[in-house]
Every structure is written in structure tokens, then in C-alpha cells.
Amino acid sequence: MTQRVFITGANRGIGLEFVRQLLARGDRVFATARRPQQADALQHLVTTYPQQLSILKLDVADNDAIEAAYQAVQAETNALDLLINNAGIIGMSDDRSQQAFGNLNFEDTLYVLRVNAVGPLMIAQRFVELLKAGNSPRLVNITSQLGSLSRKTSGGRYHYDGSKAALNMFTRTLAFDLLPHGIVTIMIHPGWVQTDMGGDSANLTPQAAVKSMLHLFDNLTKDSAGRFYKWDGSEHAW
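These figures come from a predicted structure and were not determined experimentally. (Residues numbered from 1 in each chain as written. Predicted model: local features only at pLDDT ≥ 70, side-chain atom pairs only at ≥ 80, totals over all residues. Heavy atoms only, no water.)

> Explain the overall build of the protein to me, using residue names and the numbers behind them.
The helix and strand inventory of the protein stands at six helices and seven strands. Ordered by position from the N terminus, the helices and strands of the protein form the series β-α-β-α-β-α-β-α-β-α-β-α-β. Relative to the globule expectation of 18 Å for 238 residues, the C-alpha radius of gyration of the protein, 17 Å, shows essentially globular dimensions. Reported as C-alpha extents along the three principal axes, the dimensions of the protein are approximately 50 × 40 × 35 Å. (Helix = DSSP H or I, 4+ residues; strand = E, 2+ residues; numbered from the N terminus. Rg over C-alpha atoms; globule rule 2.2 N^0.38 Å.)

> So what's going on with the pattern of salt bridges? Which residues, and what values?
A side chain with one charge may pair with a side chain of the opposite charge, provided their charged atoms come close. Considering all chains together, one arrives at ten salt bridges under this definition. R25 is paired through a salt bridge with D27; the nearest N and O atoms lie 2.6 Å apart. Judged by relative accessible area, which is 37%, R25 ranks as partly exposed. A salt bridge links E67 to R126, with the shortest nitrogen-to-oxygen separation between them at 2.5 Å. With E67 in helix α3 (residues 63-74) and R126 in helix α4 (residues 106-132), this residue pair connects regions lying 59 residues apart in the sequence. Among the charged side chains, a salt-bridge network with shared partners connects R25, D27 and D218. (Salt bridge = Lys/Arg side-chain N within 4 Å of Asp/Glu carboxyl O. Buried < 20%, exposed > 50% of the residue type's maximum accessible area, 1.4 Å probe, protein only.)

> Which residues make up the packing of helix α1 (residues 13-24) against helix α6 (residues 206-218), and what values do they have?
Where α1 contacts α6, the axes come no closer than 9 Å and their chain directions differ by 65 degrees. Judged by the twist between their axes, the crossing of α1 over α6 is right-handed. Together, I14, E17, F18, Q21 and L22 of α1 and P206, Q207, V210, K211, M213, L214 and F217 of α6 make up the contact between the two elements. Per-class residue counts for the contact of α1 with α6 are eight nonpolar, two polar and two charged. (Axes fitted to C-alpha atoms, helices over the stretch in contact; angles between N-to-C directions. Left-handed = near helix turned anticlockwise from the far one by under 90°. Contact = heavy atoms within 4.5 Å. Nonpolar A, V, L, I, M, F, W, Y, C, P; charged D, E, K, R; others polar.)

> Please provide a residue-by-residue account of a nonpolar patch on the surface, values included.
Residues F101, L104 and Y158 make up a contiguous nonpolar surface patch of about 340 Å² in total accessible area. When you line up the elements, F101 lands in the loop between β4 (82-85) and α4. (Patch = residues over 30% accessible without salt bridge, like charges linked within 9 Å, V, L, I, M, F, W, Y side chains within 5 Å. Areas by Shrake-Rupley, 256 points an atom, 1.4 Å probe, with all protein chains shown as cover.)

> Tell me what's going on with the sheet that holds strand β2 (residues 28-33), and back it up with residues and numbers.
One open sheet accounts for seven strands, arranged β3-β2-β1-β4-β5-β6-β7; its pairing is parallel. Both edges of this open sheet fall to β3 (53-57) and β7 (228-230), since each of them pairs with a single strand only. In this sheet, neighbouring strand axes are inclined to one another by 20 degrees on average, regardless of whether the strands run parallel or antiparallel. Pairing analysis gives four bridges linking strand β1 (residues 4-7) to β2, with the strands arranged parallel. Pairing of I7 across the sheet is with A31, part of β2. Most of the contacts of helix α2 (residues 40-48) go to β3, to which it runs at about 150 degrees, and overall it touches β2 and β3. α6 rests against β4, β5 (138-142), β6 (184-189) and β7 of the sheet, and its axis sits at about 160 degrees to β6. (Pairing = 2+ DSSP bridges.)

Structure, rendered in C-alpha cells:
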């Protein structure tokens, strides 16, 4: 059965690979990026799949942008079967020292939390009616093993790790609110993937990670709601 899928942060890396694999299997995809006209890979895909792919502008930290994206999706479909909150940032810059104790400030810390944790929550809240109308609807938040409290064994990286831990709690809470509406909500660590964020030394290709995750998403049940998964379908320690 063809699925209707909404994906944030779809212009590169894992998000882009989700788009590629979903299109290849025949799904209808709404892919978002902050600057769609500069998303060359997405623009190429839309020429190949003009009936399946819509590219939308979205900054997940901007409420007006979330509303505009919702209106654009609603104009084309009355339901979503899968929503993947993939968009995220490491920090305000690639300089990891800015996330070290002694260098922290309100603005940078709160912005990373806004993008990585609050943004997905606001998107879930706005798009929930489309999910309610979907077939076996699922809401997936892409998190990180770095958001695991039990796995945290070093200092530093306050912004990113804290934002992913917050996302995990938001997702766990959402799962209880949305399950009565038939929506299964999970969070998943995609693995250490060879992307701009993961780096070339990562041990997992985007193709392998996404193939495995999509298999998991396709087989979620009500018992899956609120769980923290790894890319291979096993459960991650909290």
C-alpha cells in the first residue's frame, strides 16, 4: 500500500536517503528543507518523480514556517501515514568548544533545544490531525545515542546531548497522548552514519541505515509506542 510520508531535514544525509528509498518503492513524499531551491539532490529527484514528490520550505524552529508547511501538505492530501522528524543540528557552529562548560550562553543553548527538541514537538502538534486520518499512522523522531542518560560518561557537548535527551522525553510523552488516536510514536538512533554530521569514518552507510529503519517503521505495533530504538530494530538503553 502506498504511504503518504512527511519528512523534515530532507535535503541531505539520512533525510535525503529516506526520500530516495520511499520514492523508489512508490510512496508519496513531502520533503522539507530550509532552502529548497538550493537542495540540488531533492530538485533532481522531483524531476524523476514529479507525481510522488513535493518539496516544501520549512525551518522547524519557526512557527509560521510550520504553519505554512502544514497548509501546503493539507492542500495535497487529507492524511499522513508516516511523519519523520529528522531535521537537527549539532550546534550553532562546528566548533565543539562552544558546547564546553565555561563557554555556554543562553542564546546558543536555547536555539539548539528549539531546533532539535521543541521543533519536532510543535510539528507533531500541528500535523496530528493528518496523522489521525492516516493508515496505521506512525510518528518517528530521529534522536541519537548521545541523548541516552545511561550512556553519558563524559562532559561537554551540552547543547546537542541535552537537546536529544529532551527530545526523548518529549517523544515518550507524545506516545501516551497519541496512542489513543491510533498513532504509534517512537524515537530511533539511526546509528553512526556516513553523513556530513557523522563524518567519513562512520561505520554505517545511509543506504543501510535507512533500509533497516524503514523495515522497522513498516512493522511497528501499538506495543512499540514510546520505545527508544536503534537503527537495527533493537532497543536502546535510556
